[in-house]
Structures are given as structure tokens and as C-alpha cells.
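# Examination of the molecular architecture
What follows is each chain in one-letter form.
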Amino acid sequence: MTLIVYLATAILCAGNQCYPVLVGRDTPIGRFAIHRRYVLADGYGGDVLQFLETRDEIYAIHRVWLKSPKQRRAERLAAGSAAERRLVTGGCINIAPEVYERIVTADTVEIRP
């Protein structure tokens, strides 16, 4: 399954379903293979869908990270406005936990402006 993320509207589409996401200024554009990666760090739910690794960063799709309450990520994810969902993350794509469970078998993500 291929996922498509639209940065301008901060949505992720899988098949004929689209979901709100949180994205960041550094979310890369392009087509990437997805690799499920298990993580021990608190707040990620045990695994993430990594789509890019650089010398300095790892970019992934993961459950909304809630370890900094002042960022109001859960509230912003639920917001109707794409402007509230953009420029939130360090480059990863945050999604609702129930959506993560629906897309966990995806093998490719295409990130569009």
C-alpha cells in the first residue's frame, strides 16, 4: 500500500480514506520506502514507520507524540485547520493511534508539497 501525504493541507491518504496529520517545516518531499522500526523511546508506542534516515535525523510516520503538553499536539491534530497542523513536528509525520494501526502495513509513502 502506498500512502500519500499532502503537506499544504496536512493530510495523509491511504486508498480512498484521508486523515489529518501533523507535519513540520523539515518534512522531506519525495517518494520513500517505508521500514517498520521498533523503538524503545517513550511516547512512540513501540514502533514507527521510518521513511528516511540521514546522517543526523530519522524521519518517520508515528503515533502522535504527546510528551510535550505545551505543544498541544493532540488538540492540533484534531483541529479542522491545516494551518494548525503544519509546522508542528521536527519533520516526522504524526497521526492518530487508530490511523497508525490502519496503515502499519504500508510499504511506500509519497510526500507532496
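Everything below is about the structure shown above.
The rules behind these values
- Residue positions are counted from 1 within each chain, in the order its sequence is given.
- Local features in a predicted model are, by the rule used here, given only for residues with pLDDT of at least 70; side-chain atom pairs are given and counted only at 80 or more, and totals for whole chains, interfaces and linings are based on all residues.
- Note: side-chain values were computed over all heavy atoms of the structure, leaving out hydrogens and water.
- Secondary structure is summarised from DSSP: a helix means a run of H or I of at least four residues, a strand means a run of E of at least two, and numbering begins at the N terminus for each.
- Only the C-alpha atoms count toward the radius of gyration. The rule for a globule is 2.2 Å times the residue count to the power 0.38.
- Contacts are assigned to residue pairs that have any heavy atoms within 4.5 Å of one another.
- The Shrake-Rupley method, run with a 1.4 Å probe sphere, supplies the accessible areas, and residue values consider only the shown protein chains as cover.
- Asp and Glu count as negative and Lys and Arg as positive, but His and the ends of the chain are not part of the count.
- The atom standing in for a charge is NZ when the residue is Lys, CZ when it is Arg, CG when it is Asp and CD when it is Glu.
- What makes a nonpolar core is a set of buried Ala, Val, Leu, Ile, Met, Phe, Trp, Tyr and Cys residues whose side-chain atoms join them at distances within 4.5 Å.
- Think of it in three bands: with a 1.4 Å probe and only protein chains considered, a residue is buried below 20% of the maximum accessible area for its type, exposed above 50%, and partly exposed in between.

For the protein, the count of helices and strands is three helices and nine strands. Ordered by position in the sequence, the α and β elements of the protein form the string β-β-β-β-β-β-β-α-α-β-α-β. Here the C-alpha atoms of the protein give a radius of gyration of 13 Å, agreeing with the 13 Å that 2.2 N^0.38 yields for 113 residues. Each of the three principal axes of the protein carries a C-alpha extent, and together these read 30 × 30 × 25 Å. Taking contacts inside the protein between residues at least 6 apart in sequence as the whole, the part at least 24 apart equals 60%. Carbon together with sulfur atoms contributes 51% to the accessible area of the protein, which is approximately 6200 Å² in total. With 15 positive and 12 negative side-chain charges, the protein shows a spacing of 4 Å between the two charge centroids.

So, about the environment of glutamate 57. Tracing the backbone through its elements, the reader meets glutamate 57 in the loop between strand S6 (47-53) and strand S7 (58-63). Counting along the chain gives 33 residues from glutamate 57 to glycine 90, while the straight-line C-alpha distance between them is 9.5 Å.

Further remarks concern the nonpolar core. If you look at the biggest cluster of nonpolar residues, it comprises 29 residues, and the most contacted ones within it are Leu3, Leu12, Ile61, Ile93, Ile95 and Val109. Those elements that provide at least two residues to this core are strand S1 (2-6), strand S2 (11-14), S6, S7, strand S8 (93-95), helix H3 (97-103) and strand S9 (108-112). Of the residues forming this core, the biggest block, three residues, is contributed by H3.

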